[in-house]
Amino acid sequence: MMLLRRSFLRWVTIAIGNLSVPGRMGRLYARARAGENRGELAPGCVFFNVEQARTLEAVCDQIVPPDDCAGAREAGVLYFIDRALALWARQNRWDYVAGLEAIDESGRAMFKGNFADLPREQQTRVMEKIEQGKAPGRIWENFHVGPPVEAGYWSYLGDESGNAQQKFFTLLVRHTMQGYYGHPKYGGNKQETSWKMLDYVGLRHL
Amino acid sequence: MAEKVNVVVVGSGAAGGIVAKELSEAGLKVLCLERGKAWTNLNASHDELSGEKDIPGTITKLENLEWNPRSFRVDEHSPLRVGPVGFNAFSVGGGSQWYGAAAWRFHEEHFRMRSTYGRPEGTTLEDWPISYDDLEPYYEKAEYELGVSGLAGADPFAAPRKKPFPLPPLPTNPQGDLFAKAARKLGLHPFPPPFAIITEPYRGRPACIRCPFCIGYTCEMNAKSSTLVTVLPVGLATGNLTLKTQCIVDRIATDDRGRVTGVTYIDENMRRHFQESDMVVVSANAGESARLLLNSANRFSPKGLANSSDQVGRNVMSHIGANSFGLFDFEIPHDFGPGPSMAVNDFAVGKLGGGHIYNFYVHHPIAFAYRRPPNAARWGKAHKDFQRRYFRRYMHMNADVADMPVETNRVEIDSSLRDHWGIPSLRITRKWHPLDIEHSEFIASREREILKAAEAVEVWSAPVGPGGFLGQHQCGTCRMGNDPKTSVLNRQCQTHDHDNLFVIDTSCFVSFPGHNPSLTAQAIAYWSCDYIKREWKGGGLRGPASMSA
């Protein structure tokens, strides 16, 4: 575990070192490969290891919680994000590797437990702190989020202001919404659960 | 080396497709180079993630940092950011394969804004060197060749037209009915807006089935009148047109007298080719057309081709827009595409910063997940409850609001930023003029009135940021004019500096009214091609003496 942390901290440090050259961030992130993530691969995933998957499922389930309709965990949002990082959101891999560690660190600092082990109410408190950009932890201090979060023509769709942890939060929300409300073929929204909830025409038109 | 052609057309989009067809039909040998692939109706799917343009990983490469990197900033004092901003389709048919297909004619006064309203301080507002009357026959030609539906006479503010639309308008939907009722209550004049979508079988294509995946998606029925399914097949059938896909033009070459001799382009295997030609037409859309001219600087034209006036890239405009949203107690189903079914032009004409208001395209769940009133929850139980309660009880009013041409709003080359092919990318500097913000707020408050008259329980407008970068409505980077010192193109879209170089797309716009630009760019393409065909004598144009024809 320590080895893993040192290795991604090195990556984060390299990323910070290159910050002054705007055009290079893309290339730097592109160098990350799925195989470079460490640890035991989570079942059904191609990128996340077991610990990351556990934390991320709990985080997503906070973003879209279960009620009489499935939450993000049951809808399979983890598998959507895993696929996104493997295929079209490669540039965000290290945001997740570092960000999920940071969320666990915040959980330990605030409530003495990794995020997924905390009761729901305490998880919500951690999430609120990240949303405000005030979650505690050393990793957050050196954290930088990849370029696609900063871009965006439709500025009213998402808040682009804030520090790095707020930007990562925006990324988490964005990916969770895409997974939960998007097409089931990408791995999330199992059995079109969200579409049924919204009475969305989706695939049913014709 | 490949055989010399008469014309190289750079880009196969809304305007380039028309140029390729018109000139090949006239017997010229045309090579059309398109950097994207063909995304046909077979690529269509009912999948918001495949097409929604604010989501990365769309099937074209427009929102991709590697393929479409740009640096951008509000003004020269603010920090430069890098992102895939700007909306440029990478596909045959260009944006016309993906757009919402609004097919507006501009109004007569929109071509003479300066003489009507004067020139506001800090702007470069100017009259066009062409008038609505010049373009009217070409608007008509575009509407008939492409297939545009609408209802002539329904809009009391419309400019006069000689012939009705070739196709009847799309039927209204419940959102349009509600909007129309509210607008009439306020004394406005709602009418079904014109679309480049065919509502009856037309020239071998089937009618629109009103699926909800229109704007941002390729059409599964080929009912959207993109150049891919309308004019390009006609051009290809002549045998005079060659269309090469996944080929990006990186430079236009000239000789020492400034005559364009051809282009260099890079193919999909990253091999570079030189193509000799008598003439080059750039139709790559406002941002990319300016980029190509600037990237083609050589020792005879050190500031870039066609840029002796230093105007290339300046005065870029792209609609400031006004977006308002309303929540309702009752359901207003919005399941039938394209979505907009009513519009009002009451605030689009007779006003300096006008805009037409319409009910927006069919909304989908992911996009709706970001539509929230100020201070509403972005996540958690409250967010999910809102999604469930209002997904079918919500209306989005949108307006394209005119923005002012400003000289310092411009695109330039950022030599430190290169795309997939290693070609230097654009740096965009763009800040709203104070009038733009004032006009946008005026239109947004009219939208809120309409939503309230429709009995919305909660109404809000999206805030306007400090500047917009390039939108899908980008235009104005190579403005047309009679004076070579203050404009890039003459009234036929021929560059003042090079007789055999044309820029035919939205780049030529001098001012920008609050209507979608495509049909006007397409009418101008027909207008300009008419000139080229008239002046063409095997191997070149007849020369500068007849330029003002």
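For the structure, check the block above.
The structure presented is a predicted model; accordingly, all values stated were derived computationally and were not measured.

**Re the overall build of chain B**
On a plain count of helices and strands, chain B comes out with eleven helices and 18 strands. When burial is assessed residue by residue, chain B has 67% of its 549 residues classed as buried. For chain B, the proportion of contacts with a sequence separation of at least 24, taken over those separated by at least 6, is 73%. On chain B, roughly 18,200 Å² of surface is accessible, and the fraction owed to carbon and sulfur atoms is 51%.

**Description of the packing of helix H6 (residues 93–111) of chain A against helix H7 (residues 120–132) of chain A**
What describes two packed helices is the angle between their axes and the distance between those same axes. Residues and elements named next belong to chain A. Between H6 and H7, the shortest axis-to-axis distance is 10 Å and the interhelical angle comes to 115°. When the axes of H6 and H7 are compared, the crossing they make is right-handed. Every residue of H7 that contacts H6 at Ile103, Ser106, Gly107, Met110 and Phe111 is listed here: Gln122, Arg125, Val126, Lys129 and Ile130. For the contact of H6 with H7, the per-class residue count stands at five nonpolar, three polar and two charged.

**Description of helix H7 (residues 286–295) of chain B**
Each full turn of the α-helix corresponds to 3.6 residues, which orients residues three or four apart in the same direction. Burial within H7(B) is extensive, with ten of its ten residues counted as buried. Of all the positions in H7(B), only B:Ala286, B:Gly287, B:Glu288, B:Ser289, B:Ala290, B:Arg291, B:Leu292, B:Leu293, B:Leu294 and B:Asn295 are classed as buried.

**Quick notes on the sheet that holds strand E12 (residues 394–401) of chain B**
All names here are of chain B. Pairing is antiparallel in the open sheet, where five strands are placed in the order E10-E11-E12-E9-E15. The open sheet has two edge strands, strand E10 (343–344) and strand E15 (458–461), and neither has a second partner. Sheet analysis places strand E9 (residues 322–327) next to E12, joined by six bridges and oriented antiparallel. By the bridge assignment, Ala322 is partnered in E12 with Ala399.

**Section: the side chain of A:His175**
All names here are of chain A. Along the chain, the position of His175 falls in helix H10 (residues 164–181). By relative accessible area, which is 2% here, His175 ends up buried. Not counting the four nearest positions on each side in its chain, His175 is found in contact with Phe80, Ile81, Ala89, Asn92 and Tyr96.

**What about the environment of B:Ser45?**
Structurally, B:Ser45 is set in the loop between strand E2 (30–33) and helix H2 (48–51). Counting along the chain gives 396 residues from B:Ser45 to B:Glu441, while the straight-line C-alpha distance between them is 37 Å. Discounting chain neighbours no more than four positions away, the residues touching B:Ser45 are A:Lys185, B:Ser50, B:Phe213 and B:Tyr217.

**Regarding the interface of chain B and chain A**
Between chain B and chain A, the contact holds 53 residues from the first and 51 residues from the second. It is B:Arg378, B:Trp379 and B:Lys384 in chain B that bury the most area against chain A; as a group they hold 19% of the surface buried on that side. Linking chain B to chain A there are seven salt bridges. B:Asp47 serves as the salt-bridge partner of A:Lys185, at 3.4 Å between the closest nitrogen and oxygen. Between the two partners, chain B and chain A, sit 15 residue pairs in polar contact (both at pLDDT 80 or more). Among the elements that line the side of chain B that touches chain A, the one with the most residues is helix H9 (residues 380–390) of chain B, at seven residues. Here the residues of the side of chain B that touches chain A are counted per class, giving 24 nonpolar, 16 polar and 13 charged.

**Things to note about the sheet that holds strand E3 (residues 70–73) of chain B**
The strands that make up a sheet pair up through hydrogen bonds in the backbone, lying either parallel or antiparallel. Residues and elements named next belong to chain B. Overall, mixed pairing links the four strands, which are arranged E4-E3-E14-E13 in an open sheet. Each of the sheet's edge strands pairs with one partner strand only, and the pair in question is strand E4 (81–83) and strand E13 (410–418). On average, each strand axis in the sheet is tilted by 35° relative to the strand beside it, whichever way the strands run. Bridge analysis of E3 against strand E14 (residues 424–429) gives four bridges, and the strand direction is parallel. Within the sheet, the bridge partner assigned to Arg73 lies in E14 and is Thr429.

Conventions we followed
- Residues numbered from 1 in each chain as written.
- Chains lettered and ligands numbered in written order.
- Predicted model: local features only at pLDDT ≥ 70, side-chain atom pairs only at ≥ 80, totals over all residues.
- Heavy atoms only, no water.
- Helix = DSSP H or I, 4+ residues; strand = E, 2+ residues; numbered from the N terminus.
- Buried < 20%, exposed > 50% of the residue type's maximum accessible area, 1.4 Å probe, protein only.
- Contact = heavy atoms within 4.5 Å.
- Areas by Shrake-Rupley, 256 points an atom, 1.4 Å probe, with all protein chains shown as cover.
- Axes fitted to C-alpha atoms, helices over the stretch in contact; angles between N-to-C directions.
- Left-handed = near helix turned anticlockwise from the far one by under 90°.
- Nonpolar A, V, L, I, M, F, W, Y, C, P; charged D, E, K, R; others polar.
- Pairing = 2+ DSSP bridges.
- Buried area = accessible area lost by both parts, 1.4 Å probe.
- Salt bridge = Lys/Arg side-chain N within 4 Å of Asp/Glu carboxyl O.
- Polar contact = N/O pair within 3.5 Å; in protein donor to acceptor, adjacent residues only side chain to side chain.

Function cannot be inferred from these measures alone, as they are strictly geometric.
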